[in-house]
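Residue-level structure breakdown
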Amino acid sequence: MTKSAPPSSPPPSSLNNPLWQFSLAFYGHSDVEQFLLDCQERKGADVCLMLWASYAAACGRQLSDESWRVADRGLAPRRRMISSVRRLRRWLGRLRPRSQGLYEYCKRYEMKLEQLQLAALWQLYTESWPEDRSALELAGQQYGLLQKEQARWAGLIASYKANSS
């Protein structure tokens, strides 16, 4: 796939943007959720940044070290908030069924925070940055992904693209 052309229709709302739509569809694709959550748990990866890199790769774009640093640093406060909500949700999950209502509320709130995170990444994506490095390579370097893990990730993106065409 080549670079996406600017939309000819009015721009999507900042929350319901192409990165959000891609993230919902890609995350639901076979084995993607497990791969991303495994990277989060084992490598400390930020799933939203990995989705951003996945989107860039799926669109045939590269990123730069600079854009990655800006994204990583700029989203750190929100990342800590998401992490806190995630810990609370997991704790409430162990108390189910008594905590089911609170668990579901935390789950929806966590997803809303992730949507806000992806909206910020979408804004960054639409800005002009040098494009000199593979998005998957940048993320792989950041999170210490082995070559075989990066290849698996690239395969998940290729499979998604083939099935969504």
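In what follows, the accompanying structure is described. Each residue is numbered by its place in its chain's sequence as written, counting from 1. Only residues with pLDDT of at least 70 get local features here, since the model is predicted, and only at 80 or more are side-chain atom pairs given and counted; chain-wide, interface and lining totals rely on the full set of residues. Remark: hydrogens and water are excluded; side-chain values derive from all non-hydrogen atoms of the structure.

1. What about a nonpolar patch on the surface?
This is how the line gets drawn: Within the patch definition used here, like charges are joined within 9 Å and nonpolar side chains (Val, Leu, Ile, Met, Phe, Trp, Tyr) within 5 Å, considering only residues with over 30% relative accessible area and no salt bridge. Exposure was quantified through the Shrake-Rupley algorithm and a 1.4 Å probe, taking into account, for residues, occlusion by the shown protein chains and nothing else. The working definition used for a salt bridge is a side-chain nitrogen of Lys or Arg within 4 Å of a carboxyl oxygen of Asp or Glu. Counting from the N terminus, the helices are the DSSP runs of H or I reaching at least four residues and the strands are the DSSP runs of E reaching at least two.
Residues M81, Y105 and Y109 make up a contiguous nonpolar surface patch of roughly 310 Å² in combined accessible area. Relative to the helices and strands, Y109 is located in helix 6 (residues 100-126).

2. Observations regarding helix 4 (residues 65-74)
Going by this rule: Only protein chains enter the accessibility calculation, which uses a 1.4 Å probe; a residue is then buried when its area is under 20% of its type maximum, exposed when over 50%, and partly exposed in between. What the arc measures is the spread of directions leading from the helix axis to the C-beta atoms. In what follows, residue pairs with any heavy atoms lying within 4.5 Å of each other are defined as contacts.
Within the span of helix 4, buried status applies to S67, W68, A71 and D72. In a view along the axis of helix 4, the buried residues occupy a sector of 130 degrees, so they form one face of it. Those residues of helix 4 that are exposed and aimed more than 90 degrees away from the buried face are R73 and G74. Where helix 4 is buried, its residues touch helix 3 (47-58), helix 5 (76-94), helix 6 and helix 7 (135-143).

3. Some details on the packing of aromatic side chains
Inclusion rule: Whether two aromatic rings pair depends on their centres lying within 6.5 Å, for rings of Phe, Tyr and Trp, where Trp uses its six-membered ring; planes under 30 degrees apart make the pair stacked, over 60 edge-to-face, and the rest tilted.
If you walk through the whole model with that rule in mind, you get eleven aromatic pairs. Relative to Y160, the ring of F22 lies with its centre 5.3 Å away and its plane at 90 degrees, an arrangement referred to as edge-to-face. One end of the pair, F22, is in helix 1 (residues 18-27); the other, Y160, is in helix 8 (residues 147-164), and 138 residues separate them in sequence. When its relative accessible area of 7% is taken as the criterion, F22 is described as buried. Its relative accessible area of 13% is what places Y160 among the buried residues.

4. Considerations on the side chain of N17
The condition that has to hold: Whenever a nitrogen or oxygen atom comes within 3.5 Å of another N or O atom, the pair is scored as a polar contact, on the condition that within protein one atom can donate a hydrogen and the other can accept it, and that pairs from neighbouring residues in sequence are kept only if both atoms are in side chains.
With respect to the secondary-structure elements, N17 resides in the segment before helix 1. Since its relative accessible area comes to 1%, N17 is described here as buried. Only 2.8 Å separates the side chain of N17 from the backbone nitrogen of W20, close enough to count as a polar contact.

5. Structural notes on the environment of A56
Tracing the backbone shows A56 in helix 3. Judged by relative accessible area, A56 falls into the buried class, the value being 0%. Residues A56 and F35 lie 21 residues apart in sequence; the distance between their C-alpha atoms is 18 Å. Filtering out sequence-adjacent residues up to four positions away, A56 remains in contact with R61, L63, Y125 and A135.

6. Some points on the nonpolar core
What counts, and what does not: Residues belong to a common nonpolar core when they are buried Ala, Val, Leu, Ile, Met, Phe, Trp, Tyr or Cys residues joined through side-chain atoms within 4.5 Å.
Ranked by size, the top nonpolar core spans 39 residues in total, and within it F26, L49, M50, W52, W68, L121 and W153 carry the most contacts. Looking at this core element by element, the count peaks at ten residues for helix 3. The contact partners of L121, leaving out residues within four places of it in the chain, are L19, C48, L49, W52, A71 and L75.

7. A short note on the environment of V47
Within the secondary structure layout, V47 lies in helix 3. Spatially, the C-alpha atoms of V47 and R86 are 13 Å apart, while their sequence positions differ by 39 residues. Each residue touching V47, except ones within four places of it in the same chain, is listed here: Y27, L36 and Q40.

In short, the description is geometric, and any link to function would need to be established separately.
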